[in-house]
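Structural features, examined
So the chains spell out like this:
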Amino acid sequence: MNNSNIPVIAVDGPSASGKGTVAQLVADALGFSYLDSGALYRVVAFAAKQDDIAWSDAEAVATCAKTLDIQFKNDQVYLNGNDISEQIRTEEMGQGASQVAVHAPLRAALVDLQHHFRKAPGLVADGRDMGTVIFPDAELKIFLTASTPTRAERRYKQLIGKSLPANYDDILLDLQERDARDKGRASAPLMMAADAMLLETDHLTITEAVNTILKNYEHKKLNKKS
Ligand code: CDP
């Protein structure tokens, strides 16, 4: 399938940087599809746990991933026909996702699935390696980040908003642990692509972040035409 002419906006960055919300709003504004690649790793962690597969077992986790039927429909995530959207959003599955995501065989097993999201008129892809590994030819690459305390506070408010248990200090530690694992792994580590634009969101509202991305995308398109 040659879909390399379909534009991709890659939004990468660390946990709780707000990239999910921002990327989804950018996709909505442009009428593009949206890929939440982190959800894929969460689904794999969930399925592995169901099948009693240790998150540390690289080969077993990758083999398990190849058997899964993962569907995204109307903002919900389905595994083998069952809606598991809520179950994969727990902190436990966030931890699990971060642990299975270090395995190169698993990352390789998920590449084609991610490429299939590239459909006209365009795609906004959110993750850790969208601009570096999965869509290196993306039209626009954004590295969206914020300081660790800001991100911990955002995650805290998100959990409280959903009436889920939340402890700020635990969240801060968890984020630091996940950042270290994401940046330190050998396979597709979290890093800013050389041609990405850095967007620090400590002092930006969601709307400001979305508008900055949309403006930069328009610039890219205009430059391409001229
Ligand atoms: O919500 P949060 O940003 O914490 O996580 P997420 O985007 O749902 O991703 C869960 C985990 O999957 C992350 O901690 C990463 O370790 C991993 N991940 C990855 O390795 N590569 C991606 N493209 C997306 C997520």
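See the structure printed just above.
So, here's what we can say about the structure.

Conventions used here
Residues numbered from 1 in each chain as written. Predicted model: local features only at pLDDT ≥ 70, side-chain atom pairs only at ≥ 80, totals over all residues. Heavy atoms only, no water. Buried < 20%, exposed > 50% of the residue type's maximum accessible area, 1.4 Å probe, protein only. Helix = DSSP H or I, 4+ residues; strand = E, 2+ residues; numbered from the N terminus. Arc of directions from axis to C-beta. Contact = heavy atoms within 4.5 Å. Axes fitted to C-alpha atoms, helices over the stretch in contact; angles between N-to-C directions. Parallel < 35°, antiparallel > 145°, perpendicular 65-115°, else oblique. Left-handed = near helix turned anticlockwise from the far one by under 90°. Pairing = 2+ DSSP bridges.

Once that is clear, we can look at helix α3 (residues 58-66). Of all the residues in α3, the buried ones are Val61, Ala62, Cys64 and Ala65. Seen along its axis, α3 keeps its buried residues to an arc of 160°; they face one direction. Exposed residues lying more than 90 degrees from the buried face of α3 are Glu59 and Lys66. Looking at the buried side of α3, the elements it contacts are α2 (37-50), α4 (91-100) and α5 (104-109).

Once that is clear, we can look at the packing of α4 against helix α9 (residues 168-184). Where α4 meets α9, the closest approach of the two axes is 10 Å, and the angle between their N-to-C directions is 20°. When the axis of α4 is compared with that of α9, the two are roughly parallel. The crossing of α4 and α9 is left-handed. Between α4 and α9, the residues in contact are Glu91, Gly94, Gln95, Ser98 and Gln99 and Asp174, Glu177, Arg178 and Arg181, respectively.

Next up on the list: the sheet that holds strand β6 (residues 123-127). The strands making up a sheet associate through backbone hydrogen bonding, with each pair oriented either parallel or antiparallel. Read across the open sheet, the five strands follow the order β2-β6-β1-β7-β8; overall the sheet is parallel. Looking at the sheet topology across the chains shown, the edges are occupied by β2 (33-36) and β8 (197-200). Ignoring which end each strand starts from, the neighbouring axes of this sheet average 20° apart. Across five bridges, the pairing between strand β1 (residues 8-12) and β6 is parallel. Counted as the bridge partner of Val8 is Leu123 from β6. With respect to the sheet, helix α1 (residues 19-30) is in contact with β1, β2, β6 and β7 (140-145), its orientation differing from that of β6 by roughly 175°. Those strands touched by helix α10 (residues 206-225) are β1, β7 and β8, and its axis lies near 160° from that of β7.

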